[in-house]
Every structure is written in structure tokens, then in C-alpha cells.
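Notes for the structure review
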Amino acid sequence: MEICYPYIVDHTEPGTIPYQFEYGLMKTRNILVTGGAGFIGSHVVRLLVNKYPGYRIINLDKLTYAGNLENLRDIEDKPNYVFVKADICDFATVLKIMQDYDVDGVIHLAAESHVDRSIVDPFTFARTNVLGTLSLLQAAKACWLDNHSVISSEVEKSSSSYRRFYHISTDEVYGALEMTHPEGIKPPFTTKASSGEHHLAYGEEFFTEDMKYQPHSPYSAAKASSDHFVRAFHDTYGLPTVITNCSNNYGPYQFPEKLIPLFINNIRNRKPLPVYGKGENVRDWLYVEDHARAIDLIFHEGKDGETYNIGGFNEWKNIDVIKALIRITDRLLGRREGEDDNLITFVTDRAGHDLRYAIDSRKLQRELGWEPSLQFEEGLEKTVRWYLDNEPWMRRVTSGEYEKYYEKMYGNR
Ligand code: NAD
Ligand code: TYD
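I will try to describe carefully the structure that is included in this document. Owing to the predicted nature of the structure, the values given are computational and were not obtained by experimental measurement.

Considering the sheet that holds strand β9 (residues 248-250)
Within a sheet, adjacent strands bond to each other through the backbone by hydrogen bonds, running parallel or antiparallel. In spatial order, the strands read β9-β11-β13; together these three strands make up an open sheet with mixed pairing. Pairing within the sheet leaves two strands with one partner each, and these edge strands are β9 and β13 (315-317). In this sheet, neighbouring strand axes are inclined to one another by 50° on average, regardless of whether the strands run parallel or antiparallel. Bridge analysis of β9 against strand β11 (residues 282-287) gives three bridges, and the strand direction is parallel. Counted as the bridge partner of N249 is L286 from β11. Here helix α8 (residues 288-301) sits on the sheet and contacts β9 and β11; the angle it forms with β11, its principal contact strand, is near 70°.

This is the structure we're talking about:
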């Protein structure tokens, strides 16, 4: 579904006249995207900046090790894009940015996102993911709800219905599912992207929106807590919120601490591939641009106070993903397919390693018509090709601190 909004570009500087233009009851938007320099955030910013020239997209990012403005080089000069370096935990700054830019929508992605790091340093995860989210919620409440004098006219009142705090969360808050069919069975639900022999379901149960939260890692515990705060602000203060819980993403610009970019880089450089445990854990993979499309759709069309799961019915055991990656990377590098299978190295398992994630995204399909667009092997091939073609990007993000990180995480494993 293509959504079209009337737009008019206005280059007014922040702090003078609010950057907005009313068009009947329609209004252009000032959207604050947090974490826009990260993996998923950069795809969301790119999509919004290109698709809505009349919106102003304000990217707020602290630029931690995971944030990289190089991810947005192609859109950084667009007139409807602004970057602000800030920490979401700094309430005073967040509030000022929201006021200065007259923000009417927040798409909140900023987070510490890597499970292995959360096991080593849970405090940082609680700070950013919980307190950072709370700081944004408080700022949105102060701007949108506490100062009622800003809603002065009928037109303003109706335009206030455009306000939305959209919190991006993860399927990991639901905990882990059992593997009742370790050999794999055809899934009971199919989507356009879920045909083909690898699209197997490994259990009968799927994560649904009404499932109990049972996070296991410090990462997912912190994300779960932030989800609860978002719901509390909706239920207590009437803040217009929406939450989505998405499965594992893959694609260009992902920091190479996560399985897929890490392994592509190691295959290329013929370094060992550290497979946790037996490689039997199952993840449900979604191409990052499909996630960004879903975020755009839900931001505009989702219902206030609702939760939507996002996923592709695309369950794979880690070891099968890894073998597919080796095959594709070898082929694209002109090596014999499977030549690098000997790099597979089974290492000590991750503590508390969740066995299986599998998202049921039928609500999103049914209510808003979204479904994934790519077959996994097609998406993997695009992804491998991107990392191989963007070797300088990979070299820059894996220099310096990355080597220390790698030694700490994998040195004694
Ligand atoms: P990422 O680690 O690649 O990027 C996180 C971004 O947040 C970085 O740009 C970083 O600089 C920024 N950031 C971190 N702390 C900050 C702070 N205190 N203030 C401001 N900015 C800060 O993460 P990602 O993989 O793109 O994930 C984005 C969001 O999506 C997260 O909320 C994550 O929980 C969620 N999510 C991720 C996945 C996945 O597979 N990657 C799946 C489902 C949900
Ligand atoms: P990851 O990309 O870290 O995502 P998440 O933990 O959020 O699912 O890991 C995906 C799967 O790959 C997970 O089951 C852990 C496993 N894994 C390895 O086997 N080796 C590795 O070096 C990494 C980073 C992950």
C-alpha cells in the first residue's frame, strides 16, 4: 500500500517559526528518529527522507560504537534531514530538541542492541534502553500533553491527532520457544516470502502480541522494561503510543558483532567462524528494508495503544544460515562453494542462549496488509554482495576498538 501525504517543503530554521505547514487538516511532520545512525535506524531515516520530502526528519543519535554517520552519506545533504548528536538519557537536551523542532512524531530506535555485550555490561543496557526511553517519554508528554495552551484552535486540536510515540522493540521480550519439531515442519501460516524448502517451522508455538513477557538476557529484560514504560505512559497519561516487536534483522550497514555481518567478514578473511553451542538455535530472519517499510506503515496507519509483531515466518537454524553464507560468499569471491566449511568452529555457548524465536505477524498482515518482500536466500545474496562491495566500510568499522572487543569476546571461548 502506497501512502501519500500532501507536503510542502519549508526551510525555516528551528527556534523561529515552527517548521510545519497546515494543508487543510493535513500537516507536514517533524519526526524525531532516535538511533538513526545505527543499522535499522539508518534504513528508516533513508526511507522517510526520500519518501516524504515535506517531512523534516531529525535524527538524534549519540554515535556510540554502533552509530555511524557514514551509513547515511547518500541522504545527509537533503534539505529535509537534520542530524543532532545527543544522548537520549539527557532529558533537558531531548526536551529542548523536541520543542525547538516542534516534533510531532517520535520513532524510537536508539538502544544498546547486542545480547553478548549485555551479558558483560548490563548497567549500560538498563541506562540506555530503560532510562533513555523514559526520558523520551517524559519529553513527549511535556510537549504534547502537559502544556495544553499549545492546543489552541480546532485545527491544532485535530492536528494533535498526528502525534505519535512509536517504540521499536524486539521479539526477544517474549523469551524463548520450544523446538517441538527439531527436524523442521512446514509452517502452518505462509506468507509470500515463506515458501521454499528452507522455510521450515521448528515448533508449534509462535510469538503473538498477547503473549506473556519472559525475557532472559539483560538486553531483552531492558527492552521489556522499556516496553512496559511505553504502555504505562499510554494507559496513565493518554500518550499516543504504538509498539512493534520484530524478529532478527539482516542486511546492509549492520555492525559486524551480529552473526551475519561478522561471519561474512570472517569468511572473506578466512578467520574461524565461532558457532555458539551446536548451532541448533533457531532465529526468524527479516530483511531490514522490509522492517523499515513496516515501520513507515505502522507509524502512519497503526492504531494508538496497539502492539504489532513484525516477522517473516522465516525460521532457520544458525548452522543452516552459516552454511548458506559460506556457499554464497565463496561463490561471489570466486572460490569453490563450501570451500570454507572448515572455518566452522563450535565454541562455548552463550549464557542463557534462547533456543528458538518465531514471530506470528498475521495481525500486521490482516490489519495493515504488510508482508515481507524477499525470499531469505535472495536477501542473503543481496546482503553478502553489499558487504563484499563495501569493504572500506567494513574495514573502517572493524579498526581500533573493534579488535579489543573481538579479543575480549572470542579470545578465550
Ligand atoms: P544498533 O546497535 O545498530 O544501533 C543503535 C543506535 O542507537 C546507534 O546508532 C547508537 O549510536 C544509538 N544509541 C545508542 N545509545 C544511545 C543513546 N544513549 N542516545 C542516543 N543514541 C544512542 O541497533 P539496531 O540493530 O539498529 O536496532 C535498533 C532498534 O531496533 C533497537 O531498539 C533494537 O532493540 C531494535 N531491534 C533490533 C533488531 C535487530 O535484529 N537488530 C530486531 C528487533 C528490534
Ligand atoms: P545475534 O546476531 O547476536 O542476534 P540475537 O542474539 O539477537 O539473536 O545472534 C544470532 C544467533 O547467532 C544467536 O543464536 C547467537 C548466534 N551467534 C553465534 O553462534 N556466534 C556468534 O559469534 C554470534 C555473534 C552469534
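Here the narrative resumes, following the displayed structure.
With respect to the nonpolar core
Counting residues in each nonpolar core, the largest one holds 95 residues, and the members touching the most others are V44, I57, I107, A140 and L325. Top element by residues in this core is helix α4 (residues 122-146). It accounts for seven residues. Beyond its immediate stretch of four places on either side in the chain, I107 contacts I31, V33, V44, Y166, I295 and F299.

Notes on the site of ligand 1
Around ligand 1, a shell composed of 30 residues is seen, among which G35, G38, K62, G67 and A111 lie nearest. Secondary structure elements with two or more residues in the shell around ligand 1: α1 (39-51), α4, β7 (164-170) and β9. Here the residues of the shell around ligand 1 sort into 13 nonpolar, twelve polar and five charged.

Regarding the sheet that holds strand β12 (residues 307-310)
The parallel open sheet is built from seven strands, whose spatial order is β5-β4-β3-β6-β7-β8-β12. Here the strands that pair on one side only, and so sit at the sheet edges, are β5 (81-85) and β12. Averaged over neighbouring strand pairs, the angle between their axes works out to 20° when direction is ignored. Lying on the sheet, helix α6 (residues 218-237) is in contact with β7 and β8 (241-246); it crosses β7 at an angle near 155°.

Some points on the pairing of strand β6 (residues 105-108)
The alternating pattern of β6 places G105 and I107 on one face and V106 and H108 on the opposite face, and all of these are buried. Relative to β6, strand β3 (residues 30-34) runs parallel, the two sharing four bridges. Bridging across to β6, I31 finds its partner in G105.

A word on the site of ligand 2
Close to ligand 2 lie V115, N248, K258, L259, L262, P274, V275, Y276, N281, R283, N318 and R350. Listed by contribution, the elements that provide at least two residues to the shell around ligand 2 are α7 (259-268) and β10 (273-276). For the shell around ligand 2, the element with the highest residue contribution is β10, accounting for three residues. Here the residues of the shell around ligand 2 sort into six nonpolar, three polar and three charged.

What to know about unusual backbone geometry
The phi dihedral of D102 falls on the positive side, at around 50°, and the residue is not glycine. Summarising the element assignment, D102 is placed in the loop between α2 (91-100) and β6. Of note, R270 is a non-glycine position whose phi angle comes to about 50°, a positive value. Mapped onto the elements, R270 comes out in the loop between α7 and β10.

Observations regarding helix α9 (residues 318-332)
Taking 1.5 Å as the rise per residue, α9 with 15 residues should run 21 Å; its terminal C-alpha atoms sit 21 Å apart, in good agreement. Residues V321, I322, L325, I326, R327, I328 and T329 constitute the buried set of α9. Where the residues of α9 are buried, they touch α7, β10, β13, β14 (344-347) and α11 (376-389). Directly beyond the C-terminal end of α9, a positive phi value near 80° is found at G334.

Reading the values: rules and limits
Residues numbered from 1 in each chain as written. Chains lettered and ligands numbered in written order. Predicted model: local features only at pLDDT ≥ 70, side-chain atom pairs only at ≥ 80, totals over all residues. Pairing = 2+ DSSP bridges. Helix = DSSP H or I, 4+ residues; strand = E, 2+ residues; numbered from the N terminus. Axes fitted to C-alpha atoms, helices over the stretch in contact; angles between N-to-C directions. Contact = placed C-beta atoms within 7 Å. Core = buried A, V, L, I, M, F, W, Y, C linked by C-beta atoms within 7 Å. Buried ≥ 20, exposed ≤ 12 C-beta atoms within 10 Å, placed from the backbone. Near = placed C-beta within 6 Å. Nonpolar A, V, L, I, M, F, W, Y, C, P; charged D, E, K, R; others polar. Expected span 1.5 Å × (residues − 1).

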